[in-house]
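In case you want the letters, here they are:
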Amino acid sequence: MSSDVSALRDFVFGGYDAGLHDELTRLFASLAERNTQAGRATGPVRHRKVYADLRSAGAVLGPGSALLSQPQRLFAAEAWAAMADPALAVPMFVHYCMAVGAVAPLRRSGRSFVEEELGRLDRLETVGLILITEVGHGSSHAALRTEAVWDRSQRCFRLNTPDDSAQKFMAAVSAAGVAKTGVVYARVLTEGRDHGVFPFLVPLRDREGLKPGVRVTALPEVLGAPLDYSLVAFDQVVLPFASVLTEDLSLAPDGELVDPLGDSQERLVRSMHTAPGAWSSAATMVAAATRAAVAVSLTYAGQRRTSGRLAPGALVLEYRNQQQALLEALATAYAVTVLANETVAARDRELPGGEDVRAVPPAPPAEVSASPWVAVDRRLSLIKASVCWEGAGAIDDCVRVGGAHAQLIANRLTSYSALARLFNAGGGDSGLIAVDAARALASVDCRPVISGVVPTCPPADLLDVRGWASLARARENALQQALHGELARGPAPGAPEYFAFWNDRIPAGLELTSAHTHRLTLEAFANAISDLSDERARAAVTPLCALYALRSVREHAGWYVARRWLTPADLDHLAGRLNELYDLILPALPALVEAFAIPQTILGAPMSAPGYVEALSGPGLRGGTGDMLPPCPDCEQPQEPAGHICFTIAF
């Protein structure tokens with residue numbers, strides 16, 4: 001491996017761990033080989049196959065509660081899952097980051113109920129789920145209606161769904177024969193008092209069927225991540241006091257609940273303490289899926305020849321429109337990777353030396369508006385939202401220019417796109433995060449991020465990454481000051497007319513949020529480049545940072561011209577400046593893609609094979625030859641000639 005590729009790998013992975021890379025390569029290559037035989041699996045059989053893979057991965061990765069104390073290992077495994085099988089990435093994310101993450105802080109609390117259930121989760125005898133969102137109303141996190149009524153005389157909670165609109169939405173519970181345990185968020189009620197929202201540990205089903213009082217309705221599948229999604233309702237499910245996943249709710253001698261907070265808003269924020277780890281995970285997985293999509297597409301465009309009369313035999317990648325789409329997607333892949341790596345490094349700092357995972361410190365009181373996420377952690381929630389938005393856009397560009405080949409499921413691009421969009425909605429809705437963050441960024445307490453002279457637009461030196469970051473700061477400052485001024489002159493929050501006033505300014509707020517995350521990304525990108533000691537690696541990645549910045553200027557050119565930060569003549573020259581950057585990036589493409597370190601055995605995409613025609617027409621492609629083979633009597637899938645693996649499993 002050349003020194004520049006080695007340095008670029010450290011850049012991509014935040015420090016490349018060859019041993020971990022080899023271990024995960026073996027794990028996911030073995031799953032990929034096994035899954036070749038299940039290419040035709042759909043519906044319940046496909047769902048059971050995913051859970052079989054989750055259990056196989058867990059056997060290698062070790063107990064989930066221990067894995068949470070090793071963020072680099074956990075997030076690397078989830079990134080590989082996102083690239084190798086997006087359908088596996090989703091339950092892996094939910095099980096480890098959301099479910100085990102909520103239970104593990106209480107593993108030494110002396111509660112036998114929690115310790116026993118955590119042991120089953122650690123051994124993957126049951127799959128962990130998270131049940132927050134309710135189906136019948138938007139922004140349901142801020143006003144959950146699922147009830148956990150405290151029965152003082154019996155010393156137990158009674159979990160109940162008041163009506164169909166309060167059913168939990170999108171929990172993967174309907175697969176028969178697979179045990180599931182949920183972290184269910186419900187409102188605690190005692191004799192007329194509302195204590196706010198708490199998480200509860202609730203066994204939902206075992207291998208024989210659903211637990212008493214649990215009602216499940218199967219939902220249609222989701223493109224790219226097919227699982228046993230469901231609506232879930234509860235009918236007076238009895239739960240012990242030990243099932244509530246917090247240490248600061250206690251019992252008085254007479255059986256009365258003692259809640260030291262006494263504030264339902266603060267309680268909601270504190271109950272969402274698993275969110276930061278989940279956001280780091282989601283950002284890492286979407287960044288990995290973006291890299292994989294870009295690697296597949298660039299490999300394909302670099303070997304597919306065209307027959308047009310203007311340039312017969314020219315490679316697809318020689319065309320400027322393809323360069324614009326794919327090189328800008330590559331720049332985005334590097335940008336979101338740098339941003340995601342920041343969150344992983346932060347988790348490492350929080351848990352040094354593999355110490356026990358603990359619940360986050362109590363959050364200060366914060367306003368919960370559309371959702372609780374910004375009140376939990378504004379920066380990290382915005383990073384998750386930004387990575388998912390930008391990653392989805394880059395992947396969609398790969399799909400758009402990949403033609404009919406990109407539509408084949410075997411080439412993974414549509415699955416990567418679906419995964420990124422699923423995480424836009426899941427793990428904290430990115431749209432709600434952006435709206436709430438906009439109000440916070442424009443609040444009266446928000447200080448300007450820059451003052452003084454506006455930087456040159458674009459910088460005189462296209463490769464001046466600090467200049468690009470300064471320009472991004474200046475734009476954010478201008479947007480922040482404009483919206484801040486309007487809010488300061490408007491009605492106070494809580495006034496009857498405030499919603500109508502703020503509602504008209506949501507588009508401006510979203511523009512501010514976008515500018516803010518763009519600035520965060522550019523600064524992280526520039527800082528990472530400055531840390532590169534290898535000159536060739538720095539020369540390869542610097543034009544990507546400039547391209548990422550210049551693309552934003554092009555997209556908001558009207559705004560820049562309206563403020564005379566950019567002249568019409570400058571605008572005319574933007575295309576030429578972009579072409580300059582494309583020409584700087586093209587010679588370094590092999591090293592930039594090789595730095596992703598994604599083996600073809602993991603991708604399995606015909607488009608990324610050295611000979612995509614042979615790969616597409618060969619016998620090893622998932623889906624087989626189309627011959628009807630005798631079905632397996634257990635899982636009802638065709639039995640492959642090379643040997644059949646049955647995915648009818650019981651947890």
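Residues numbered from 1 in each chain as written. Predicted model: local features only at pLDDT ≥ 70, side-chain atom pairs only at ≥ 80, totals over all residues. Heavy atoms only, no water.

> Can you tell me about the overall build of the chain, naming the residues and giving the values?
A count of helices and strands for the chain gives 23 helices and 12 strands. Going through the 651 residues of the chain one by one, you find that 57% of them count as buried. Surface accessibility of the chain: about 25,800 Å² in total, with carbon and sulfur atoms responsible for 54%. (Helix = DSSP H or I, 4+ residues; strand = E, 2+ residues; numbered from the N terminus. Buried < 20%, exposed > 50% of the residue type's maximum accessible area, 1.4 Å probe, protein only. Areas by Shrake-Rupley, 256 points an atom, 1.4 Å probe, with all protein chains shown as cover.)

> Explain the nonpolar core to me, using residue names and the numbers behind them.
Soluble, globular proteins show a tendency: their nonpolar side chains are buried together. Of all hydrophobic cores here, the largest spans 207 residues; its most connected members are Phe28, Phe157, Phe200, Phe234, Leu330, Tyr334 and Phe525. Among the elements that take part in this core, helix 9 (residues 275-301) stands out by supplying 18 residues, more than any other. With near-sequence residues (within four places) excluded, phenylalanine 28 lies in contact with Ala77, Trp80, Ala81, Ala84, Leu88, Met92 and Ile602. (Core = buried A, V, L, I, M, F, W, Y, C linked by side-chain atoms within 4.5 Å. Contact = heavy atoms within 4.5 Å.)

> Break down the pattern of salt bridges for me, with residues and values.
Under the defined criterion, the tally for this structure stands at 30 salt bridges. Here lysine 49 and aspartate 53 are joined by a salt bridge, their closest N and O atoms 2.8 Å apart. Residue lysine 49 and its partner aspartate 53 are both found in helix 3 (residues 43-61); the two are separated by four residues, about one turn of the helix. Residue arginine 475 pairs with glutamate 511 through a salt bridge whose shortest N-O separation is 2.8 Å. On the criterion of sequence distance, the pair formed by arginine 475 in helix 15 (residues 465-489) and glutamate 511 in helix 17 (residues 506-530) is long-range, its members being 36 residues apart. On the basis of relative accessibility, which here comes to 4%, the residue arginine 475 falls in the buried class. (Salt bridge = Lys/Arg side-chain N within 4 Å of Asp/Glu carboxyl O.)

> For the pairing of strand 9 (residues 229-234), give the residues involved together with the corresponding values.
For strand 9, the buried fraction is high: six of the six residues fall into the buried class. Burial of the side chains of strand 9 extends over both faces: Tyr229, Leu231 and Ala233 are buried on one face and Ser230, Val232 and Phe234 on the other. Pairing of strand 4 (residues 168-172) with strand 9, which is carried by four bridges, proceeds in the antiparallel orientation. Paired with alanine 171 across the bridge in strand 9 is serine 230. Relative to strand 9, strand 8 (residues 214-218) is paired through five bridges, and the arrangement is antiparallel. Bridge assignment links valine 214 to a residue of strand 9, and that residue is phenylalanine 234. (Pairing = 2+ DSSP bridges.)

> Give a detailed account of the sheet that holds strand 8, specifying residues and quantitative values.
Strand-to-strand pairing in sheets goes through backbone hydrogen bonds, with the strands running parallel or antiparallel. Overall, antiparallel pairing links the three strands, which are arranged 4-9-8 in an open sheet. Pairing within the sheet leaves two strands with one partner each, and these edge strands are strand 4 and strand 8. The mean inter-strand angle of the sheet, taken between neighbouring strand axes irrespective of direction, is 40°. (Axes fitted to C-alpha atoms, helices over the stretch in contact; angles between N-to-C directions.)

> Would you mind going over the side chain of histidine 484 in detail, with residue names and values included?
Turning to its location among the elements, histidine 484 is positioned in helix 15. Within the local environment of histidine 484, its side chain forms a polar contact with the backbone oxygen of alanine 442, the two atoms lying 3.3 Å apart. Within polar-contact distance, the side chain of histidine 484 engages the backbone oxygen of serine 443 at 3.2 Å. (Polar contact = N/O pair within 3.5 Å; in protein donor to acceptor, adjacent residues only side chain to side chain.)

> How would you summarise unusual backbone geometry if you had to cite specific residues and measurements?
In the Ramachandran plot, arginine 155 falls in the positive-phi region, its phi being about 55° despite a non-glycine side chain. With respect to the helices, strands and loops of the structure, arginine 155 is situated in the loop between strand 2 (147-151) and strand 3 (156-160). With relative accessibility at 39%, the residue arginine 155 sits in the partly exposed group. At arginine 564, a residue that is not glycine, the phi angle is positive and equals roughly 60°. Along the chain, arginine 564 falls in the loop between helix 19 (557-562) and helix 20 (568-585).

> Give me the packing of helix 1 (residues 3-13) against helix 18 (residues 535-555): which residues, what numbers.
Across the interface, helix 1 lies against helix 18 with an axial gap of 8 Å and an inter-helix angle of 60°. One element, helix 1, and the other, helix 18, form an angle in the oblique class. In terms of crossing hand, the pair formed by helix 1 and helix 18 is right-handed. Touching Ser3, Asp4, Ala7, Leu8 and Phe11 of helix 1 are Arg536, Ala537, Ala540 and Val541, all from helix 18. For the contact of helix 1 with helix 18, the residue count by class is six nonpolar, one polar and two charged. (Parallel < 35°, antiparallel > 145°, perpendicular 65-115°, else oblique. Left-handed = near helix turned anticlockwise from the far one by under 90°. Nonpolar A, V, L, I, M, F, W, Y, C, P; charged D, E, K, R; others polar.)

> Lay out the pairing of strand 2 in plain terms, naming residues and giving numbers.
Consecutive side chains of a regular strand alternate in pointing toward one face of the sheet and then the other. Bridging between strand 2 and strand 3 involves five bridges; their strand directions are antiparallel. Paired with glutamate 147 across the two strands is asparagine 160, which belongs to strand 3. If you look at the hairpin formed by strand 2 and strand 3, you'll find four residues sitting between the two strands, and arginine 155 has a positive phi there, around 55°. As judged from the three bridges shared by strand 2 and strand 5 (residues 180-190), these two strands associate in the parallel manner. By the bridge assignment, glutamate 147 is partnered in strand 5 with arginine 187.

> Explain the confidence of the model for the chain to me, using residue names and the numbers behind them.
When pLDDT is averaged along the chain, the result is 86; 88% of the residues meet or exceed 70. The low-confidence segment residues 351-366, where pLDDT is below 50, has 27 contacts with residues more than four positions distant or belonging to other chains. (pLDDT = per-residue confidence, 0-100.)

> How would you explain the packing of helix 6 (residues 86-103) against helix 7 (residues 112-122) if you had to name every residue and give the values?
Packing of helix 6 against helix 7 leaves a shortest axis separation of 10 Å and a crossing angle of 160°. By the angle between their axes, helix 6 is roughly antiparallel relative to helix 7. Crossing of helix 6 against helix 7: the hand is left-handed. Residues His95, Val100 and Val103 of helix 6 form the contact with helix 7, whose own contacting residues are Val114, Leu118, Leu121 and Asp122. Its residues assigned to classes, the contact of helix 6 with helix 7 comprises five nonpolar, one polar and one charged.

> Kindly report on the environment of arginine 505, identifying the contributing residues and their values.
By the element assignment, arginine 505 lies in the loop between helix 16 (498-503) and helix 17. Linking arginine 505 and alanine 438, residues 67 residues apart in sequence, is a C-alpha distance of 9.7 Å. Within the structure, arginine 505 has its side chain in polar contact with the side chain of glutamate 486 (distance 2.7 Å).

> Outline helix 1, listing residues and values.
Taken together, the buried positions of helix 1 are occupied by Asp4, Val5, Ala7, Leu8, Arg9, Phe11 and Val12. Positive backbone phi, at 65°, marks glycine 14, one or two positions downstream of helix 1.

> I'd like a rundown of the packing of aromatic side chains, residues and numbers included.
Taken as a whole and judged by the stated rule, the model has 14 aromatic pairs. Cluster of aromatic residues (ring-pair linked, three or more members): Phe11, Tyr334, Phe525 and Phe596. Here the basic side chain of arginine 291 rests over the ring of phenylalanine 13, its NZ or CZ set 5.7 Å away from the ring centre. Positioned over the ring face of tryptophan 559 is arginine 475, at 4.7 Å from the centre of the ring. (Phe/Tyr/Trp six-rings, centres within 6.5 Å; stacked < 30°, edge-to-face > 60°. Lys NZ or Arg CZ within 6 Å of the ring centre and 35° of its normal.)

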